[in-house]
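# Observations on the model geometry
Residue strings, one per chain:
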Amino acid sequence: MTTAVKVALAAVLALVFVGAMVKSRTARADGDAADAAMATIRPEAIRADMRFLADDLLEGRGTATRGHEIAAKFMAAQFEQMGLEPAGDNGTYFQSVPFRSGRPDQEKSTLTLVRGGKEQKLVYRRDFITGANPGAADSYVEAPVVFVGDGVTAPEQGYDDYKGIDARGKIVALAFEAPHFESSLKAHYSSFEVKQANAVAHGAVGIILISDPILEGIYPYSMQTRDLVFPQFRWLDKQGKPNDYFPELKGGAVLSMAETKKLFEGSGHTAEEVFADIKAGTPKSFALPVTAKIHNVTKLEDVRSPNVVAKLEGSDPNLKSEYVVYTAHSDHLGIGEPVNGDKIYNGALDNASGSALLVEIARAFTKRNPRPRRSLLFVSVTGEEAGLLGSDYFAHYPTVAKDAIVANVNMDEDDMLWPLEDIIAFGAEHSSLDAVVRKAAERVHLGVSPDPMPEEVVFIRSDQYSFVKQGIPAVFPVGGFTSGDPKIHPAEIFKKWEKERYHEPGDDMQQPGLLFDEAAKYGRFVFLFGDLIADDPQRPLWNKGDFFGDRYGKKKG
Ligand SMILES: [Zn+2]
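Just so you know, these numbers come straight off a predicted model, no measurement behind them.

## Observations regarding helix α11 (residues 389-396)
- The element α11 is largely enclosed, with a buried count of 7 among its 8 residues.
- For α11, the set of buried residues is L389, G390, S391, D392, Y393, F394 and A395.

## Side note on the pairing of strand β6 (residues 138-147)
- Examined bridge by bridge, β6 and strand β13 (residues 286-312) share 9 bridges and lie antiparallel to one another. What sits directly across from V146, in β13, is A287.
- Pairing of β6 with strand β9 (residues 171-174) involves 3 bridges; the strand directions are parallel. Paired with F147 across the strands is A173, a residue of β9.

## Comments concerning the coordination of the zinc ion
- Coordination of the zinc ion by the protein involves H329 (NE2), D350 (OD), D412 (OD) and D412 (OD), with metal-donor separations of 1.9 to 2.7 Å.
- Read from N- to C-terminus, the donor residues coordinating the zinc ion fall into the pattern H-x20-D-x61-D. With D350 in helix α10 (residues 348-366) and D412 in the loop between β18 (405-411) and β19 (422-426), this residue pair connects regions lying 62 residues apart in the sequence.

## Brief notes about the nonpolar core
- One finds M50, F79, Y326, I361, F378, F525 and F529 to be the most contacted residues of the largest nonpolar core, which totals 79 residues.
- When residues of this core are assigned to their parent elements, the largest contribution, 12 residues, is made by helix α15 (residues 516-535).
- The next biggest cluster of nonpolar side chains, apart from the first, holds 45 residues, and it includes L122, A173, L255 and L263.

## Things to note about the domain arrangement of the protein
- Considered domain by domain, the protein is made up of domain 1 (45-83 + 313-555) and domain 2 (103-299).
- For domain 1 and domain 2, the distance between their C-alpha centres works out to 31 Å.
- At the boundary of domain 1 and domain 2, one finds 1 salt bridge.
- In this structure, the salt-bridge partner of E504 is R226, at a minimum N-O distance of 3.2 Å.
- If you look at where domain 1 meets domain 2, you find 9 residue pairs in polar contact (both at pLDDT 80 or more).
- Counting residues per element, the ones that place at least two in the side of domain 1 that touches domain 2 are β15 (334-339), α11 and α16 (547-552).

## Considering the packing of aromatic side chains
- In the structure shown here, the tally under the stated rule is 27 aromatic pairs.
- Measuring from centroid to centroid gives 5.4 Å for F230 and Y345, while their planes differ by 90 degrees, and the two rings are edge-to-face. On the criterion of sequence distance, the pair formed by F230 in the loop between α7 (221-226) and β11 (232-235) and Y345 in strand β16 (residues 342-345) is long-range, its members being 115 residues apart.
- When the centroid spacing of 5.1 Å and the interplanar angle of 70 degrees are considered together, the rings of F459 and F548 count as edge-to-face. Remark: F548 occurs in helix α16 and F459 occurs in the loop between β20 (447-449) and α13 (464-468); sequence separation between them is 89 residues. Side by side, F459 and F548 carry an identical accessibility label, which is buried.
- An aromatic cluster is defined as three or more aromatic residues linked by ring pairs; in this entry it consists of Y159, F181, Y189, F459, Y465, F547 and F548.
- The positively charged end of R47 is found above the aromatic ring belonging to F516, 5.9 Å away from the centroid.

## Re the environment of P477
- One can find P477 in strand β21 (residues 474-479).
- Classification of P477 by relative accessible area gives buried; the value is 1%.
- Considering only alpha carbons, one finds P477 and G506, 29 residues apart in sequence, at a separation of 24 Å.
- With residues near it in sequence (within four places) discarded, P477 still touches V409, N410, I423, I424, A425, Y522, F525 and V526.

## Considerations on the side chain of N198
- With respect to the helices, strands and loops of the structure, N198 is situated in helix α5 (residues 192-201).
- If sequence neighbours within four positions are ignored, N198 has contacts with G151, V152, T153 and Y162.

## Side note on α5
- Every buried residue of α5 is accounted for by K195, Q196, N198 and A199. The arc enclosing the buried residues of α5, seen along the axis, measures out at 165 degrees, which places them on a common side.
- If you follow the buried residues of α5, they end up packed against β7 (153-154), β9, α4 (183-190) and β10 (206-209).
- Of the residues one or two after α5, G203 is the one with positive phi, at around 85 degrees.

## Some details on the side chain of T382
- Looking at the element boundaries, T382 is found in the loop between β17 (375-381) and α11.
- Using a relative accessible area of 0% as the deciding quantity, one classes T382 as buried.
- Side chain to side chain, T382 and S305 meet in a polar contact 2.8 Å long.
- If we ignore the near neighbours within four places in the chain, the residues touching T382 are T63, H68, V97, F99, S305, P306, N307, S330, D331, L389, G390 and S391.

## Section: the pairing of strand β14 (residues 323-329)
- In terms of residue burial, β14 counts as a mostly covered element, since 7 of its 7 residues are buried.
- The two faces of β14 match: Y323, V325, T327 and H329 on one face and V324, Y326 and A328 on the other face are all buried.
- Relative to β17, β14 runs parallel, the two being bridged by 7 bridges. If you follow A328 over to β17, its bridge partner there is S380.

## Quick notes on unusual backbone geometry
- In this structure, the amide linkage connecting D350 to the following residue, N351, adopts the cis form with an omega of 10 degrees.
- Checked against the element boundaries, N351 lands in helix α10.
- Note the cis peptide between N369 and P370, where omega equals 5 degrees.
- Residue position: P370 is located in the loop between α10 and β17.
- Non-glycine residue N90 carries a positive phi angle of around 50 degrees.
- Structurally, N90 can be placed in the loop between β1 (85-86) and β2 (94-104).
- Judged by relative accessible area, N90 falls into the exposed class, the value being 77%.
- One non-glycine residue, L388, lies in positive phi territory at about 60 degrees.
- Note on L388: relative accessible area 10%, which makes it buried.

Basis of the calculations
- Residues numbered from 1 in each chain as written.
- Predicted model: local features only at pLDDT ≥ 70, side-chain atom pairs only at ≥ 80, totals over all residues.
- Heavy atoms only, no water.
- Buried < 20%, exposed > 50% of the residue type's maximum accessible area, 1.4 Å probe, protein only.
- Helix = DSSP H or I, 4+ residues; strand = E, 2+ residues; numbered from the N terminus.
- Pairing = 2+ DSSP bridges.
- Donors = N, O, S within 2.8 Å, 3.2 Å for Na, K, Ca; no water.
- Core = buried A, V, L, I, M, F, W, Y, C linked by side-chain atoms within 4.5 Å.
- Domains from an automatic or database assignment.
- Salt bridge = Lys/Arg side-chain N within 4 Å of Asp/Glu carboxyl O.
- Polar contact = N/O pair within 3.5 Å; in protein donor to acceptor, adjacent residues only side chain to side chain.
- Phe/Tyr/Trp six-rings, centres within 6.5 Å; stacked < 30°, edge-to-face > 60°.
- Lys NZ or Arg CZ within 6 Å of the ring centre and 35° of its normal.
- Contact = heavy atoms within 4.5 Å.
- Arc of directions from axis to C-beta.

Rendered as structure tokens:
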């Protein structure tokens, strides 16, 4: 070998070294930039934002109420103050969502069951309740009833509750659950919209939701009845049609536990047998010796409520045209039935916490130098409690090109009630985001744990699901239940909170045990997770053959 070669070789080596140095320097520089920025997320800032948003003066931030308008103005003012660009309608921070608000008329709505020619008129609230029909103020249906188990048809799972049953022109009675599929699939098939579409596909003309022990454990009939005080909403599309509306279903009702047990009399199956089959994931479908007459009367009103949308432009000339979308809902239940004299449902954890984190994570990104490569959108959505409506409207009508949205990171109800040691990343397992979750968690010394409560179907119960349904990989990270301290039992703390304060006036800033340092720690993880997505040369991809990627992935663009 002559020197030239050596020199050349040395030169190449030097280049590689420099390249590596540059790469590691940029990686380290990016890492440092991210680390420096996320270190600015302060517990007291989160607490202050929550204290404002959860104050009684905002009256529980019900969708399309004055209290929620104030919350939306607060979010927009924060985004403007920190220098984010408006990315709503017409150069503003606001995307105005048109809603149809409905309240079932509890006086005029009726349900009558006919057995062997004998009529039984049920009593509203005691025996049954009805939902608001967003498309018709007055609708009536009378038809024989068939029981269709969970009302699920999942061909890719070889499962069909409608097999061997003729539901054409019938009213279908069904349960809330879904069979024992993988956690997110179970969640998907337990969605009431999916069950309604399936009932229509089988020719049904009405739906009766039965009560059963599992549903009683998640959303008891007594709470469903209490929640009638809150209006029910649908967003309106450009033709003024309500979303997820099935005009073929002319009547709907929910039965109390006592009436559910009576419904199966004379069918050859006891309610206990039916409940056991549902629990086992193998419900049977059969005709019932009953005809139902359902009269739904609904008070309807068209209203508007805003999403708030702000943008941080990315630093990369090409990738800045793509977006990572952070979401958190700003609405809560509003004013409802008083509990111990308190009728304001403040929604401190649900979701003043996520809204505060959205503000403080955005603020931290404005301090990141350099900025991430892709652009970021911070979207404070309305109408979540009413059915993920603000996020669904945004995902249908985004204020940027839909196929430029590469991922959604959603925050809802940060359970800052125990020391954070791990993350459960709902939805991550369906796309390349799973690896990013693990990378971010490792960087902030957190573990990653699987879904500990598939029966709660969390994957479909917050705004990330609206993006999944538009083919956008989305993750909902929450604090896990791992605890290195034998005296602290996160799962018990969560269950107790869920039982005593979830969707209760007691979810306020006076509740004990709020750990804002842990909220900031969670915020740093969520910051870093989005930062890594925004900086990754490769945009997130659905996993090959993934149920959601196959079902919705092609919907994009
Ligand atoms: Zn929530």
